[in-house]
Structure formats: structure tokens, C-alpha cells
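Now for the letters of each chain:
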Amino acid sequence: MGSMCLLHASLTEYVLLFGTAVDTGGHSGRYWTDIYYAIISGTFRQWKEGTTRSEIYYPGDIIVQKSGEAMAVQWSAGTWMVEYSSGFIPPSLVFVLADTIFSTQDIVTFFYTLRVYAKALLLEAGTYFSQG
């Protein structure tokens, strides 16, 4: 469980603030994008596929998840980080929203997330077209 605030989104990149008030963890997902995490507070632990030990990251650390990589992830309570992703973003929404649909069945969050991303895309398109 975590909370996010989308700061920027387009078809090819996004920037968001992610954090959690409780210890939490799960699967990172396997994306078509490179994702960069900058830890602001707390700790972020990851266990990369194909390795035998996990690594712990602290405030100030930058972590890179390359396109196609997958890992187990864990955040301590009070962890906040900035996340930047570069690549083709729409396929990532399938994994991101799958848990919302099939596990928590939180339809409100599902539609809220789609609405926020669609609004960001419209703002991006407006900026693109206004530059003529």
C-alpha cells in the first residue's frame, strides 16, 4: 500500500511522488520503461531477479530499474521517494492497475488513476499543439 502524487505525465515519461505510512512491499512489475527512484526519506529494499541477496537504499540514494527487469520491493514506514520513468508509459498501466482491479477491487481508485493520467495527457497535448 502506498500513496502517489502524479507531478507530470505524457506518453513517454512521468514524474511522481510515492510514499507509504506503513511497512509494505510487493513485486516491482516488469515494464517497457526505465524507472529511476530517488529516496527522500525512509528505506527502500529491493531483491533483483536472479540474485541471492537484497540491497537496502537510504535517503539520497538513486536506484535504476531498467526496462524488462523485475524485483521484489519493500518500503519501511515513512518512506517517500521521487519516481521518474522514461519509455512508452501506457502498457505500464496494465500492471499498475491490475492489483486495483483483481485484488483490492477498488474501482474508485482505478477510475481516479485513469482520470488523473488522462488529464495529464490532455495537458501535455495542449502544450504540444499550442507551440504550433
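Every value quoted in this text rests on a predicted model; they were computed, and no experiment measured them.

What counts as what
Residues numbered from 1 in each chain as written. Predicted model: local features only at pLDDT ≥ 70, side-chain atom pairs only at ≥ 80, totals over all residues. Heavy atoms only, no water. Helix = DSSP H or I, 4+ residues; strand = E, 2+ residues; numbered from the N terminus. Buried < 20%, exposed > 50% of the residue type's maximum accessible area, 1.4 Å probe, protein only. Contact = heavy atoms within 4.5 Å. Polar contact = N/O pair within 3.5 Å; in protein donor to acceptor, adjacent residues only side chain to side chain. Pairing = 2+ DSSP bridges. Axes fitted to C-alpha atoms, helices over the stretch in contact; angles between N-to-C directions. 1 Å grid on protein atoms, 1.4 Å probe; cavity = no way out; pocket = protein on both sides within 12 Å on 5 of 7 lines; lining within 4 Å. Points joined across faces, edges and corners; volume = space filled by probe spheres on them. Nonpolar A, V, L, I, M, F, W, Y, C, P; charged D, E, K, R; others polar.

### Things to note about the environment of Thr33
Position of Thr33 among the secondary structure elements: in strand β4 (residues 33-41). Under the relative-accessibility criterion, Thr33 is labelled buried at 1%. Not counting chain neighbours up to four residues away, the residues in contact with Thr33 comprise Gln65, Lys66, Ser67, Ser85, Ser86, Gly87, Phe88, Ile89 and Ser92. At a separation of 2.8 Å, a polar atom in the side chain of Thr33 contacts the side chain of Ser85.

### Some words on the sheet that holds strand β5 (residues 44-48)
The strand order across the open sheet formed by four strands is β3-β8-β5-β6, and the pairing between neighbours is antiparallel. With partners counted over all chains shown, the strands left at the sheet margins are β3 (24-27) and β6 (55-57), one partner each. Going across the sheet, the axis of each strand differs from the next one's by a mean of 20 degrees, ignoring polarity. Here β3 pairs with strand β8 (residues 71-75) via four bridges, running antiparallel.

### A few points about the sheet that holds strand β2 (residues 13-20)
With antiparallel pairing, five strands are arranged side by side in an open sheet as β1-β2-β9-β4-β7. Of all strands in the sheet, those with a lone pairing partner are β1 (3-9) and β7 (62-65), marking the two edges. Strand-to-strand, the axes of this sheet are offset by a mean angle of 20 degrees, without reference to chain direction. In the sheet, β1 pairs with β2 via six bridges, with the strands oriented antiparallel. Of the residues in β2, the one forming a bridge with His8 is Val15.

### Details of the layout of surface pockets
The computed volume of the largest pocket comes to approximately 1300 Å³. Forming the walls of the largest pocket are 39 residues, and the residues nearest its centre are Gly2, Met4, Phe18, Val96 and Thr100. Where the lining of the largest pocket is concerned, the elements lending two or more residues are β1, β2, β3, β4, β8, β9 (79-87), α1 (90-102) and α2 (107-130). Broken down by element, the lining of the largest pocket gets its largest block of residues, seven residues, from α1. Tallied by class, residues from the lining of the largest pocket come to 22 nonpolar, 14 polar and three charged.

In short, the description is geometric, and any link to function would need to be established separately.
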